[in-house]
Every structure is written in C-alpha cells, then in structure tokens.
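Topology and contacts: notes
Listed here are the chains, written in short residue letters.
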Amino acid sequence: MMAPLSIVDYIVVHELCHLKLHNHSKKFWDIVKEENLKPISTPQLTDLDFKRGEKLSFKVKYEVKPVLELKDYTNLEIEKPVFTVKDDNIEKEIDSLLKTKANYEESDEVVDENFRITVELHRLDEEGEPIENESNTEDLVMDLSTRDINPEIRQNALNKKVGDKFNFHFTDEHEHDGQLHKVEYNYEVLIKKIEKIILPEITEELCKQFSNNKAKTLDELKEFIRIDYKNYYDSQSESIFINSLLNKIVESNDFEPPEGFVETLHKRLLESEKENAKRQNVPYFDEKAVSEELKPKSVWNAKWQIILENIAEKENIEVNDSDLENLAKEESVKTGISVEKLVKFYTDTNRKEALLEDKVIDFLKKNNTVREVDSSAKKTEDSEENKDEE
C-alpha cells in the first residue's frame, strides 16, 4: 500500500527545507548578516505551510544574543587579597624536599618528634569503647615531624614503644546548608612499627636537585622557594580579583540568558567533564549528578559571555587577524610550529573568542580600582563575623 501523495509531498518538502537550512541556506544567512542578528542556537524550522502547486512557506526559529543596557562595569572598587610568603612556608617546603631523600632506621621507642610510626586505628564511642562494625585502619603511617599533624598524636606518642596504645581526638567542622556542624572523633592507636627519620645534610648537589640547578647554597635555595611561592600567590591573588570583578559586573547587569545558549554551554561543560574523567580513569562518572551541578555555572557563563560581547561592542574592543598572527609568532618561537599552521589552528578553534575575553578583562582591570587587603587579616575578620553569627 502506498502513502497518499500529499503526505509524501509534505515529508519531502519538510526534509528538504531542513537540509537546506542546516547546510547554511544562502538566503537565510545573508539576512542574518545584513541584520547583524548573531544567532546563538541552532536554527529550527517552524510553521511549515505547503500546498502542492500553490505555495511553500516556513519560519525559522533561533535565539540571538540580547543587547543590554550596561551599567556599573567601570569605576568599581574590588578587593584583591595579598598573600605573604612566610618563613614557615619555606621551612615546610625544605622539610618536605629533604624527606624525599630521607632514610628510616627502625627503633623501639619514640623519643622525640623526628620519628614516624606505623599504626592501627580504632574509632571509639563516647564511652571510649571500639565502635562495632566500624572498619579499622591498618598500617597507617604517621609522620610525627610534620607540622600539620594533630598535636595530640605527636604528644601522646612520645615515649611509647611498639605494642603500646594511645588515644587522640579531633573535631571536624564543616558547613551544610549554611549551618556550621561540629563532629567529635575519638580514636585508639596501636603502634606496630617505629622508625627514626634521618634527614640528609643539605649539600650543593641537593640544592641543585631541588632547584633545577638554580641554587647552590641553602640561602639560594630558600630564595628560589620564596620566589616560587610568591609567583603562585600572585597568580592566586589575580585570579580571585578577576573572579570578584566579573561576579560584581554580572550581578549588576543581571538578566535571563537565552535557554538555547545556556543549554549549548551546559553540553560543552558536561562533555569536558566526561573527557577529564576518562583521562583520569575515574571508575564511576555520575553523569546525572555532574549535569545538575553544572547548571548554575552554565547560566553564569552564558550571562558573562553575553555581557562581555556587549562591553566589547560598546567600547570598540575587537580581535583582528593581526592579533592572531602576533600570538602565532610568539608561540612559534616556543613550540617550533610554523606561524601559518598556528594561525589556521587558532581560526579553526575559535581562538578569537578567548582573545576577545582577554582584551575585555584587560579593559576592565584598567578601568576599575583595586583595593588590596591582607589575606590573613581578612581571614581573621571573616572568622570573627562567623562567631558573631553563631
């Protein structure tokens, strides 16, 4: 039995229109260019009206990036935390480096903090009895010399021997639904092995190893570590400042972003998370949970992307071919890849979008005020505020 001709005609026309549209119908995209419409979601065919031998009409539905009445994106004052490199940071790092070359000598007793112990942990209830059905931790190594270890462990392990036991406790504090929760944990420790930590002397050879041949003495090594810390802290400080600045601008220019655009960004983020999980050999990837977690980020990204393009248009900020070529020349020196290949790669991967964002952020940094605040003082202030709220 053959289908009625009218149904065949409708299906054929519908598919042809879709094919034509999705293969960049010249008429459609000419109109897009003339009107500067900038669609941000895949165009869809709607309202198809076809009468054989009489007429064929249809509509194309798509989303465009809204034009915003921008406000409060310049002359803002934004806090920027300043992190100070402390001597303690440097000493910790040197200790960690030396321990990578340490030797361990088995011993009968813990006589000071320069020991590590292999233990078995038993969690205790409020009466000090082992909790039933609670799995014990066996052969856990505790380094008593590390500065981050629970002070009770270091103190209570002192003068203990293999086979001895001692207790310690700690309080876990965490926020949940805006409320501060405290949980007390009590443990019994059985010492199974004691080893004295024997650190090597700091020699010129070790200084070279630890610094990639940039330091020969202990003082030079300390300076190398200090600079490394400072560069890291400066990078973190800049990142926090930029995030605060962009959040403030998005908050001041809030709007409802187009759903299709949000969905497109959400799919990209989810695919990126999938790829990361695959590379890291994550045994179980909960796609549904990750998808849900990414929704707020997708909305924020959509808002920021639209705001930055509005800023770029208003402030006449643009990226041209010479920008790509200059970037390619810089990268060519580092990588050995030809400028032509790099320019083609940048073009194929929409590198212009990233460069435009960089230029807009540079503009915002120059046209807003930085207020530097000491990070440790800020942390103390926040802590006091939390106590007052309690």
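Residues numbered from 1 in each chain as written. Predicted model: local features only at pLDDT ≥ 70, side-chain atom pairs only at ≥ 80, totals over all residues. Heavy atoms only, no water.

1. Concerning the pattern of salt bridges
Oppositely charged side chains are able to pair whenever their charged atoms sit close together. Stated precisely, the cut-off is as follows: A pairing counts as a salt bridge when a side-chain nitrogen of Lys or Arg comes within 4 Å of a carboxyl oxygen of Asp or Glu. Under the DSSP-based scheme used, a helix requires at least four consecutive residues in state H or I and a strand at least two consecutive residues in state E, with every element numbered from the N terminus. We call a residue buried when its accessible area falls under 20% of the maximum for its residue type, exposed when it is over 50%, and partly exposed in between, using a 1.4 Å probe and counting protein chains only.
In the structure shown here, the tally under the stated rule is 28 salt bridges. A salt bridge links K165 to E188; the nearest nitrogen and oxygen atoms lie 4.0 Å apart. Of this pair, K165 sits in strand β7 (residues 165-176) while E188 sits in strand β8 (residues 179-198), and the two are 23 residues apart along the sequence. Residue class for K165 comes out partly exposed when judged on its relative accessible area of 49%. Two residues, K274 and E287, come together in a salt bridge whose shortest N-O distance is 3.2 Å. You can see K274 sitting in helix α7 (residues 259-279) and its partner E287 sitting in helix α8 (residues 287-314), a full 13 residues away along the chain. What makes K274 partly exposed here is its relative accessible area of 25%. E287 sits in the partly exposed class, given a relative accessible area of 37%. A cluster of three or more residues bridged by salt bridges with shared partners is formed by E77, E79 and R371.

2. Thoughts on the nonpolar core
Short version of the rule: What makes a nonpolar core is a set of buried Ala, Val, Leu, Ile, Met, Phe, Trp, Tyr and Cys residues whose side-chain atoms join them at distances within 4.5 Å. Contacts are assigned to residue pairs that have any heavy atoms within 4.5 Å of one another.
In terms of nonpolar packing, the biggest core is built from 35 residues, with W304, I307, I311, V360 and L364 touching the most fellow members. Within the residue set of this core, elements represented by two or more residues are α6 (218-252), α7, α8, α9 (321-335), α10 (339-348) and α11 (351-366). Of the residues forming this core, the biggest block, seven residues, is contributed by α8. With near-sequence residues (within four places) excluded, L364 lies in contact with Y73, L245, L246, I249, W304 and I311. The next biggest cluster of nonpolar side chains, apart from the first, holds 16 residues, and it includes V119, I153, Y187 and I194.

3. Overview of the pairing of β8
Rules: Note on pairing: DSSP must find at least two bridges between two strands before they are called paired.
Sheet analysis places strand β4 (residues 103-107) next to β8, joined by five bridges and oriented antiparallel. Paired with E106 across the two strands is E195, which belongs to β8. Direction of pairing for strand β5 (residues 115-124) relative to β8: antiparallel, over a ladder of ten bridges. Residue pairing in the sheet places R123 in a bridge with Y187 of β8.

4. Side note on unusual backbone geometry
Positive phi, normally seen in glycine, also occurs at N213, with a value near 65°. Secondary-structure assignment places N213 in the loop between α5 (204-211) and α6. Residue N213 is classed as exposed on the basis of its relative accessible area of 63%.

5. Quick look at the confidence of the model for the chain
Operational definition: Per-residue confidence from the prediction method is given by pLDDT, with values spanning 0 to 100.
Of all residues in the chain, 81% have pLDDT values of 70 or greater, and the mean over the chain is 85. Across residues 386-390 the pLDDT falls below 50, and counting only partners more than four positions away or on other chains, this stretch makes one contact in the model.

6. What to know about the packing of aromatic side chains
Rules: Whether two aromatic rings pair depends on their centres lying within 6.5 Å, for rings of Phe, Tyr and Trp, where Trp uses its six-membered ring; planes under 30 degrees apart make the pair stacked, over 60 edge-to-face, and the rest tilted. Placement of a charge over a ring requires the Lys NZ or Arg CZ to be within 6 Å of the ring centre, with the centre-to-atom vector within 35 degrees of the ring normal.
For the structure on display, the rule yields seven aromatic pairs. Geometrically, the ring pair formed by Y232 and Y233 is tilted, given 6.0 Å between the ring centres and 45° between the ring planes. According to the relative accessible area criterion, Y233 is buried, its value standing at 16%. What links up through ring pairs into an aromatic cluster is the set F83, Y229, Y232 and Y233. The ring of Y104 carries the charged tip of R116 above its face, separated from the ring centre by 3.5 Å. Over the aromatic face of Y346 sits the side chain of R351, whose NZ or CZ is 4.9 Å from the ring centroid.

7. Overview of α5
For clarity, the cut-off: The arc in question is formed by the directions pointing from the helix axis toward the C-beta atoms.
Among the residues making up α5, those that are buried are L206, C207, F210 and S211. The buried residues of α5 occupy an angular sector of 120° when the element is viewed end-on, so they sit on one face. Looking one or two residues beyond α5, the residue adopting positive phi is N212, at roughly 55°.

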